[in-house]
Amino acid sequence: MPNKVNGIIDRIKNSNSWLRILLMFGYLVVLYVIALLAVVIMVAQTLFVFASGSPNSNLVIFGEALAEYIKQIIDFLFYKSNTKPFPFAPFPIIDFIANIFPAHSANKNIKPISPFISKATLNIVVGFIGLICLIPYLFMISSSLKSTYEIMAWPPVIWPKEPKWENLSLLFDKWPVDAWMFNSAIVAITVTIASVFLCTLAGYGFAKYNFKGKNKLFVTMVATAMIPFPIVMIPLYVLVGRMGMNDSLPGLVVPFVAPAIGIFLMRQYILAVPDELIQAARADGAGEFRIFWQIVVPLVWPGVATLAIIQYINSWNSFLWPLIILRDDANYTIPLGLTEVFALQVGQEPQYALAMTFAAVTTIPIIILFSFVQKYYIAGLSAGAVKG
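## What about the overall build of the protein chain?
If you tally the helices and strands in the protein chain, you get 18 helices and zero strands. At a minimum sequence separation of 6, the contacts of the protein chain that also span at least 24 residues come to 69%. For the protein chain, the accessible surface area stands at approximately 24,000 Å², while carbon and sulfur atoms represent 70% of it.

See the structure below:
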């Protein structure tokens, strides 16, 4: 058996890297399943104790045996024991990684796996991970057409026998959902446009102008990005209140039109713009704003798109700040409206079906929008990765 295992490892470590990654992924999945089984046993034991007032002897015995078995696995994986916890455990995890990902191949004459198999393996792995990520969204869409009983049923109901299409009309009849969506759209679009313009302008100033105290001011500004929002929340609330913007949509916009991280991001992009272009434009008589708008901005368009996507999604999903300053239901944004639909007030029954319908209605447009602009977002991140 050891010779066969070593032969398999020799073939794998000289093959395509994606196959090695896939095998490593499978090895870790086995460990994850074992750990998950232990968690399930512990949860079952806890529930049994709460239900009956005393532990179940069979669960206790099985849980103790499983805990001991997991301890053996951990000891073996990290060189604390030479006892194999299962017959086909060829290596501790450190040896496994070292053999699957060798620094140099022992045999250079072995032909690697074809590009087709490599690409197919990569697509399978990515598709599997993507399918796992889609499960909550698929559950949300199916639950939007269920009753509360079907949502809470066990085993889960994958698709309702009689889809409740009336949930959508009932949602718009009982609550001003259209107004909440309009408020969220106005706030998100305004914050996005204002922050992109101001952050790009400020980043241009930090990147291409020299003035006294520039570096100290820039470091101080970037340092503010590391301050948690709850710390500045109360002073910000006081300032917004003194400006007369409590319980209003401008109060959701003004505090977030020039985030420090946005200025830092645009400054990094603009640093890569050649100074010769700007000097040539000045020699031709172009004004400073014209240089910024017609020369610099088009060259850093991937960064502009990245910042716009980040700001729009953050503003659309913002919950804590609107919760603090908004009082009138008519000014609610989508996250606050969702709590209203879900009926989180004491003594009210949660409206799971309508909450899922609301979540689906407000999430699907964002997913569709992002599917069209994701190439700009990825291009912006890729370009920003090589900026100095």
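After that view, the rundown keeps rolling.
## Things to note about unusual backbone geometry
A positive phi angle, near 55 degrees, is found at Asp247, a position not held by glycine. For Asp247, the position within the fold is in the loop between α10 (229–242) and α11 (250–253). For Asp247, a relative accessible area of 27% translates into the label partly exposed.

## Let's talk about the nonpolar core
Within the largest apolar cluster, 29 residues are counted, with the highest numbers of intra-cluster contacts made by Trp175, Trp180, Leu252, Trp321, Val341 and Phe358. When residues of this core are traced back to their parent elements, those giving at least two are α8 (177–208), α10, α11, α15 (301–317), α16 (320–325), α17 (334–342) and α18 (352–384). When sequence neighbours within four positions are dropped, the list of residues in contact with Trp321 reads Phe229, Met233, Leu236, Tyr237, Val240, Gly251, Leu252, Pro255 and Phe256.

## Here's the deal with the pattern of salt bridges
All chains considered together, the criterion is met by two salt bridges. Residues Lys208 and Asp275 are paired through a salt bridge, measuring 2.7 Å at the closest nitrogen-oxygen approach. One end of the pair, Lys208, is in helix α8; the other, Asp275, is in helix α13 (residues 275–283), with 67 residues separating them in the sequence. Judged by relative accessible area, which is 40%, Asp275 ranks as partly exposed. Between Arg282 and Glu288 there is a salt bridge, with the nearest N and O atoms lying 3.0 Å from each other. Look at Arg282 and you get partly exposed, because its relative accessible area is 35%.

## Considerations on α10
Structurally, the α-helix is built with 3.6 residues per turn, so residues lying three or four positions apart point the same way. Look at α10: 19 Å from first C-alpha to last across 14 residues, which is about the 20 Å you get at 1.5 Å a residue. At Pro235, α10 shows its maximal bend, which comes to roughly 30 degrees. Note on α10: the residue one or two positions beyond its end, Gly244, has a positive phi of about 75 degrees.

## Looking at the packing of aromatic side chains
If you walk through the whole model with that rule in mind, you get 17 aromatic pairs. Pairing Phe289 with Phe292 gives two aromatic rings, centres 5.9 Å apart and planes at 50 degrees, and the pair type is tilted. Of the two residues, Phe289 and Phe292 both sit in helix α14 (residues 288–299), three residues apart, roughly one turn of that helix. Note on Phe289: relative accessible area 48%, which makes it partly exposed. Taken together, the ring pairs in this structure connect Phe197, Tyr204, Tyr209, Phe289, Phe292 and Trp293 into an aromatic cluster. Here the guanidinium or amino end of Arg267 rests over the ring plane of Phe218, the centre of that ring lying 4.3 Å away.

## Focus: the side chain of Ser142
Summarising the element assignment, Ser142 is placed in helix α5 (residues 115–143). Under the relative-accessibility criterion, Ser142 is labelled buried at 5%. A polar side-chain atom of Ser142 sits 3.0 Å from the main-chain carbonyl oxygen of Phe139. With sequence-adjacent residues up to four places away left out, Ser142 is seen in contact with Ile158, Trp159 and Pro160.

## Observations regarding a nonpolar patch on the surface
Together, Leu131, Leu134, Tyr137, Leu138 and Ile367 make up a nonpolar patch on the protein surface, roughly 470 Å² of accessible area in all. It is α5 that provides the largest number of residues to the nonpolar patch, a total of four residues. With respect to the element layout, Ile367 can be found in helix α18. Overall, the relative accessible area of 42% leaves Ile367 in the partly exposed class.

## Considerations on α15
Look at α15: 24 Å from first C-alpha to last across 17 residues, which is about the 24 Å you get at 1.5 Å a residue. Taken as a whole, α15 has its buried residues at Gly303, Val304, Ala305, Thr306, Leu307, Ile309, Gln311, Tyr312, Ser315 and Trp316.

## Let's talk about the layout of surface pockets
Its volume calculated, the largest pocket comes out at about 1,000 Å³. Secondary-structure elements contributing two or more residues to the lining of the largest pocket are α8, α9 (214–224), α10, α12 (260–270), α15 and α16. For the lining of the largest pocket, the leading source of residues is α15, giving six residues. In terms of residue class, the lining of the largest pocket is built from 27 nonpolar, eight polar and no charged. Quantified by volume, the second largest pocket comes out at close to 340 Å³. If you trace the second largest pocket, you find 13 residues lining it, with Trp316, Asn317, Thr362, Thr363 and Ile366 closest to the centre. If you list the elements that add at least two residues to the lining of the second largest pocket, you get α15, α17 and α18. Considering every element that reaches the lining of the second largest pocket, the biggest residue donor is α18, with seven residues.

## What to know about the side chain of Gln268
By the secondary structure assignment, Gln268 is in helix α12. Assessed through its relative accessible area of 16%, Gln268 is described here as buried. One polar contact links Gln268 to Arg267, side chain to side chain, over a distance of 2.7 Å.

## Comments concerning the packing of α8 against α15
Pairs of packed helices are described in terms of their axes, by the angle between the two and the distance that separates them. With their axes 8 Å apart at the nearest point, α8 and α15 run at an angle of 145 degrees to one another. In the crossing of α8 with α15, the sense of the turn from one axis to the other is right-handed. Contact residues: α8 offers Ser184, Ala185, Val187, Ala188, Ile189, Val191, Thr192, Ser195, Val196, Cys199 and Thr200, while α15 offers Val304, Leu307, Ala308, Gln311, Tyr312, Ser315 and Trp316. Looking at the contact of α8 with α15, its residues break down into twelve nonpolar, six polar and no charged.

Conventions we followed
Residues numbered from 1 in each chain as written. Predicted model: local features only at pLDDT ≥ 70, side-chain atom pairs only at ≥ 80, totals over all residues. Heavy atoms only, no water. Helix = DSSP H or I, 4+ residues; strand = E, 2+ residues; numbered from the N terminus. Contact = heavy atoms within 4.5 Å. Areas by Shrake-Rupley, 256 points an atom, 1.4 Å probe, with all protein chains shown as cover. Buried < 20%, exposed > 50% of the residue type's maximum accessible area, 1.4 Å probe, protein only. Core = buried A, V, L, I, M, F, W, Y, C linked by side-chain atoms within 4.5 Å. Salt bridge = Lys/Arg side-chain N within 4 Å of Asp/Glu carboxyl O. Expected span 1.5 Å × (residues − 1). Bend = angle between axes of the 7 residues up to and from the residue. Phe/Tyr/Trp six-rings, centres within 6.5 Å; stacked < 30°, edge-to-face > 60°. Lys NZ or Arg CZ within 6 Å of the ring centre and 35° of its normal. Polar contact = N/O pair within 3.5 Å; in protein donor to acceptor, adjacent residues only side chain to side chain. Patch = residues over 30% accessible without salt bridge, like charges linked within 9 Å, V, L, I, M, F, W, Y side chains within 5 Å. 1 Å grid on protein atoms, 1.4 Å probe; cavity = no way out; pocket = protein on both sides within 12 Å on 5 of 7 lines; lining within 4 Å. Points joined across faces, edges and corners; volume = space filled by probe spheres on them. Nonpolar A, V, L, I, M, F, W, Y, C, P; charged D, E, K, R; others polar. Axes fitted to C-alpha atoms, helices over the stretch in contact; angles between N-to-C directions. Left-handed = near helix turned anticlockwise from the far one by under 90°.

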